[in-house]
Amino acid sequence: MAHVELKNISKQFGGQTVLAQLDLTVEDRELLVLVGPSGCGKSTLLRLIAGLEEPTSGTITLDGCDLTPLAPKDRDVAMVFQNYALYPHLSVYDNLAFGLRRRSGQAWHQKALDGLGKLPGLNLRSKEAVYIDSQVRKIAQVLQIEPLLNRRPAELSGGQKQRVALGRAMVRNPKIYLMDEPLSNLDAQLRTQTRTQIVQWQQQLATTTIYVTHDQTEAMTMGTRIAIMNRGFLQQIDTPLAVYRSPANRFVAGFIGEPQMNFLRAHPQVQDGVATLVAEGFTLPLPAHYQAADLPPNLTLGLRPEHLYLKTSDPLLRGTVRLVETLGSETLVLCQTPAGAINLRVSADQTISIGEGIGLDIQSEWLHLFDESTGQRVIARSLKS
């Protein structure tokens, strides 16, 4: 098992607070993705778990054992860094074997010997060498880097270096993998390929993994759950789909999703007993589940680009096309409306030109409401149960 719990974690550098009273639980065998903008504290949080930094306050436990006083080498965690951190003078084989050799004389010996069985005529050091060789070659086979074992890092491509860095962590068979933006130096195609492989490896190894990224696409496609951070605070933690459909606040709503969610200023109004939402240029009847909600006087209306659609007859809102981005399978359109700039997705077979006037309507069942003063999501009273 590898159940990680962080309680009331704070971290300050000088007078600057990087993490503030953060509570986080990582379940056994899950792949938790920490996501957020640069400087939000996600890499610092990873370094605290690894023991590379000490928390200003709070505790970090692994299966109930307090890690806070332990040195990094005693925590049974393996970390993969953004810059690979390979030893340039060592071969790929020796880079993979380095961590196991460093642990010579520690408790892992018994596991090594149990795995090897009886090997008559071999002393302890020889048995260690056999064990290390078997582990290195097994991981090299999984990562498909067997032909590279005799090369040095300078002779490898970026993708090959990244697989070696992953292998160096995997070969130790730790309780936890910590990955700090490991794909940021790869090109787009290789990133997509490698993140799929990481998910497959994680499922195959069934090891608790905490993965840091600022790329929300990586977070959405990889995580069992995702934790969104901003300015040292945990904003929301849930499954990717739950975060996308029910963001806790305006920050999460704007950070998760590409293109970004549209935000329009609005206020509620009751006409003939029916609650409506009034924005510049249109009035929208609120869905039934919002009719009984306590709505603040000033709202931010959130609309994802896929929940707007073109309408030629009696549209809710009219706008002028300012930008068209053709992506092959779909087209992204930016239009200017009386309520503000709005992004929408349309089918690739629809022809739209810059400067063209278009009509828009809204799939109101998918709208999101946020309190303009706090940024928090407004929950319909009928949905609270």
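Scroll up for the structure.
Residues numbered from 1 in each chain as written. Predicted model: local features only at pLDDT ≥ 70, side-chain atom pairs only at ≥ 80, totals over all residues. Heavy atoms only, no water.

A. Expanded view of the packing of aromatic side chains. On inspection of all chains with the given rule, the structure shows three aromatic pairs. The interplanar angle of 45 degrees and the centroid separation of 4.6 Å between the aromatic rings of Tyr-87 and Phe-98 together place this pair among those described as tilted. Of this pair, Tyr-87 sits in the loop between β6 (77-80) and α2 (92-102) while Phe-98 sits in helix α2, and the two are 11 residues apart along the sequence. Owing to a relative accessible area of 26%, Phe-98 belongs among the partly exposed residues under this scheme. Ring geometry for Phe-251 and Phe-255: centres 5.7 Å apart, planes at 20 degrees, overall stacked. One end of the pair is Phe-251 and the other is Phe-255, both in helix α9 (residues 250-255) and four residues apart, which spans about a single turn. (Phe/Tyr/Trp six-rings, centres within 6.5 Å; stacked < 30°, edge-to-face > 60°. Helix = DSSP H or I, 4+ residues; strand = E, 2+ residues; numbered from the N terminus. Buried < 20%, exposed > 50% of the residue type's maximum accessible area, 1.4 Å probe, protein only.)

B. Expanded view of the sheet that holds strand β3 (residues 31-35). Spatial strand order, β6-β7-β8-β3-β9-β10: six strands in an open sheet with mixed pairing. Looking at strand neighbours, the two that pair on one side only are β6 and β10 (233-238), the edges of this open sheet. Along the sheet, successive strands turn relative to each other by an average axial angle of 15 degrees, direction set aside. In terms of strand pairing, β3 meets strand β8 (residues 208-213) through five bridges, oriented parallel. Within the sheet, the bridge partner assigned to Leu-32 lies in β8 and is Ile-210. (Pairing = 2+ DSSP bridges. Axes fitted to C-alpha atoms, helices over the stretch in contact; angles between N-to-C directions.)

C. Broad picture of the pairing of β3. Taking burial as the measure, the five residues of β3 include five buried ones, the bulk of the element. Side chains of β3 alternate between two faces, with Leu-31, Val-33 and Val-35 and Leu-32 and Leu-34 buried alike. Pairing of β3 with strand β9 (residues 225-230), which is carried by four bridges, proceeds in the parallel orientation. Paired with Leu-34 across the bridge in β9 is Ala-227.

D. Representation of unusual backbone geometry within the structure. Residue Pro-259 is bonded to the preceding Glu-258 through a cis peptide linkage, with omega at 0 degrees. With respect to the helices, strands and loops of the structure, Pro-259 is situated in the loop between α9 and β11 (262-271). At Gln-21, a residue that is not glycine, the phi angle is positive and equals roughly 45 degrees. Taking the relative accessible area as the measure of exposure, Gln-21 reaches 62% and is therefore exposed. In this model, Tyr-84 sits at a positive phi of 75 degrees, which is unusual for a non-glycine residue. Of note, Tyr-84 is situated in the loop between β6 and α2.

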